[in-house]
Amino acid sequence: MKVDKEILKKERDGIVDLIEKLRAPYNARLEEIDNLLWEEKLKEAQNNIGKCFVYRNNCYSLPKTQKDYWNNYYKVAGFKKAVNEDDYDRYIVTECYKDSYGNICIKQEHDCISSPRFEDYEEISSKDLMRFTENYWLNWRGNENIL
């Protein structure tokens, strides 16, 4: 049996056109819903500015003991709106931790707000965050010969 490619292509194109026509009104509503949800996400992001969080149980791959885990501390320092369609709305976050090898890291990150970054994190006071950073800063200052 011989297949007529042109007839099949026309039939396929017709089906695709029909699907697009049926889909059009739903696409508009989906876009409207997505925009409303995004506006709520932006409000949440604005509300997180200045808050501090801890993520417990961070680790490198294949942890063996409880000593292989550490806490990451975060402070949401700000929020940056996207400037064009290639950019994205993001948190400006200060992160600090002391890993299982004793390495101390304090860095600033730009983190996309579309991910639910802080939903699984515990909110802490800025006093608790300062207690952590001061403790490790003092420990580091006592070991200046490591540089």
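Undergrad: Which residues make up the side chain of Asn 48, and what values do they have?
TA: In this structure, Asn 48 sits in helix 1 (residues 5–48). A distance of 2.9 Å separates polar atoms of two side chains, one belonging to Asn 48 and the other to Tyr 91.

Undergrad: Give a detailed account of unusual backbone geometry, specifying residues and quantitative values.
TA: Of note, Asn 57 is a non-glycine position whose phi angle comes to about 70 degrees, a positive value. Checked against the element boundaries, Asn 57 lands in strand 1 (residues 52–59).

Undergrad: Any chance you could break down the confidence of the model for the protein for me, citing the residues and the numbers?
TA: Looking at the protein as a whole, the pLDDT averages 82, with 88% of positions reaching at least 70. Mean pLDDT across the elements of the protein bottoms out in helix 2 (residues 126–141) (73) and peaks in strand 5 (residues 122–124) (91). The low-confidence segment residues 143–147 (pLDDT under 50) makes two contacts with residues lying over four places distant or belonging to another chain.

Undergrad: For the packing of aromatic side chains, give the residues involved together with the corresponding values.
TA: The final tally for this structure, using the stated rule, is five aromatic pairs. The interplanar angle of 40 degrees and the centroid separation of 4.8 Å between the aromatic rings of Tyr 55 and Tyr 121 together place this pair among those described as tilted. Remark: Tyr 121 occurs in the loop between strand 4 (104–112) and strand 5 and Tyr 55 occurs in strand 1; sequence separation between them is 66 residues. Judged by its relative accessible area of 28%, Tyr 55 is partly exposed. According to the relative accessible area criterion, Tyr 121 is buried, its value standing at 17%. On the basis of an interplanar angle of 35 degrees and a centroid distance of 5.4 Å, the ring pair of Tyr 74 and Tyr 121 is categorised as tilted. With Tyr 74 in strand 2 (residues 69–80) and Tyr 121 in the loop between strand 4 and strand 5, this pair connects stretches of sequence that are 47 residues apart. This pair shows no difference in class: Tyr 74 is buried, exactly as Tyr 121 is. An aromatic cluster of at least three residues, connected via ring pairs, comprises Tyr 60, Trp 70, Tyr 97 and Tyr 101.

Conventions used here
Residues numbered from 1 in each chain as written. Predicted model: local features only at pLDDT ≥ 70, side-chain atom pairs only at ≥ 80, totals over all residues. Heavy atoms only, no water. Helix = DSSP H or I, 4+ residues; strand = E, 2+ residues; numbered from the N terminus. Polar contact = N/O pair within 3.5 Å; in protein donor to acceptor, adjacent residues only side chain to side chain. pLDDT = per-residue confidence, 0-100. Contact = heavy atoms within 4.5 Å. Phe/Tyr/Trp six-rings, centres within 6.5 Å; stacked < 30°, edge-to-face > 60°. Buried < 20%, exposed > 50% of the residue type's maximum accessible area, 1.4 Å probe, protein only.

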